[in-house]
Amino acid sequence: MDKEYELIVQPGKRPLWQIVISAFLFALTFYYLYKIGELFYFFGYSDYTLMVLPKYVEIMAYTFSAGFTSSVMKSVLIDLDKDKLVSRFSIGPFSWDKLSSVPELKYVGVFKDSNEDFQVNLWYSGNKHYKMYKFNTKPDALYLAKNTAIILKIDLLDSTERGANKWIDLAL
């Protein structure tokens, strides 16, 4: 079977509280859009409209941008053969892609964060990384990290124990 991408990294589902907050912010945006229409309907193009309009537009801009940033999801698709990295941004059923070349991938790292969760990160160009996934158990995190490292042909670093970083041998 011919596959288009070597690796697809997608975040999980958004927590319910984030969805509720985003929906509330978008509802406020539409409420202020309605208020602007109502303002023009009742007062036309008057001095009162010109005085109140900037406040409504400012609030609407804040609520829309906050709702937008809290609801956008990013997925990364990597095709090493074609040197193609697609960053896919989506909000609900709508999505758009940003195409770029694949950065020089360094290694996959697994570490334990302050919440005692195990994070898997994909490190590239210097000290930059992409947070791939978060797990409750170390074996699950190492399983994803090992498969990712094998697929991308890069190294795997186990940093789950403080001060005892070790490179994992990927020999089959």
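As shown above, the structure is provided for reference.
The paragraphs below set out a description of the structure included in this document. The structure presented is a predicted model; accordingly, all values stated were derived computationally and were not measured.

Criteria and thresholds
- Residues numbered from 1 in each chain as written.
- Predicted model: local features only at pLDDT ≥ 70, side-chain atom pairs only at ≥ 80, totals over all residues.
- Heavy atoms only, no water.
- Helix = DSSP H or I, 4+ residues; strand = E, 2+ residues; numbered from the N terminus.
- Rg over C-alpha atoms; globule rule 2.2 N^0.38 Å.
- Buried < 20%, exposed > 50% of the residue type's maximum accessible area, 1.4 Å probe, protein only.
- Contact = heavy atoms within 4.5 Å.
- Phe/Tyr/Trp six-rings, centres within 6.5 Å; stacked < 30°, edge-to-face > 60°.
- Salt bridge = Lys/Arg side-chain N within 4 Å of Asp/Glu carboxyl O.
- Expected span 1.5 Å × (residues − 1).
- Polar contact = N/O pair within 3.5 Å; in protein donor to acceptor, adjacent residues only side chain to side chain.
- Arc of directions from axis to C-beta.

Broken down by element type, the chain carries 3 helices and 9 strands. Starting at the N terminus and walking to the C terminus, you meet the elements of the chain as β-α-α-β-β-β-β-β-β-α-β-β. The C-alpha radius of gyration of the chain comes to 23 Å, more than 25% above the 16 Å expected for a compact globule of 172 residues. Its C-alpha atoms put the chain at 75 × 40 × 30 Å along the principal axes. Burial status across the chain gives 34% buried among its 172 residues. When contacts within the chain are restricted to residue pairs at least 6 apart in sequence, long-range pairs at least 24 apart make up 40% of them.

This paragraph deals with the packing of aromatic side chains. For the coordinates displayed, the defined rule picks out 11 aromatic pairs. Linked through ring pairs, Phe 26, Phe 64, Phe 68, Phe 89 and Trp 96 together constitute an aromatic cluster.

Take the pattern of salt bridges next. Tallying each qualifying case throughout the model produces 7 salt bridges. Across the pair Glu 38 and Lys 35 runs a salt bridge, and its minimum N-O distance is 3.1 Å. With Glu 38 and Lys 35 both in helix α1 (residues 16–43), this residue pair falls 3 residues apart, about one helical turn. A salt bridge links Glu 116 to Lys 112, with the shortest nitrogen-to-oxygen separation between them at 3.4 Å.

Turning next to α1. Between its first and last C-alpha, α1 extends 40 Å over 28 residues, near the 40 Å set by a 1.5 Å rise per residue. Turning to α1, its buried residues are Gln 18, Ser 22, Leu 25, Thr 29, Tyr 32, Ile 36 and Leu 39. The elements touched by buried residues of α1 are α2 (47–71). A positive phi of about 65° marks Gly 44, the residue just after α1.

On the secondary structure map, Thr 160 appears in the loop between β8 (155–159) and β9 (166–168). The class for Thr 160 is buried, based on a relative accessible area of 9%. Only 2.7 Å separates the side chain of Thr 160 from the side chain of Asp 158, close enough to count as a polar contact. Excluding anything up to four places from it in sequence, Thr 160 contacts Val 110, Phe 111, Lys 112, Phe 118 and Lys 138.

Now for helix α3 (residues 138–152). Here α3 is 15 residues long and its end C-alpha atoms lie 21 Å apart, about the 21 Å a rise of 1.5 Å per residue gives. Where α3 is concerned, the buried positions are Ala 141, Ala 145, Thr 148, Ala 149 and Leu 152. Buried residues along α3 cover an arc of 100° about the axis, so they all sit on one side. The outward face of α3, more than 90 degrees from its buried face, is lined by the exposed residues Pro 139 and Tyr 143.

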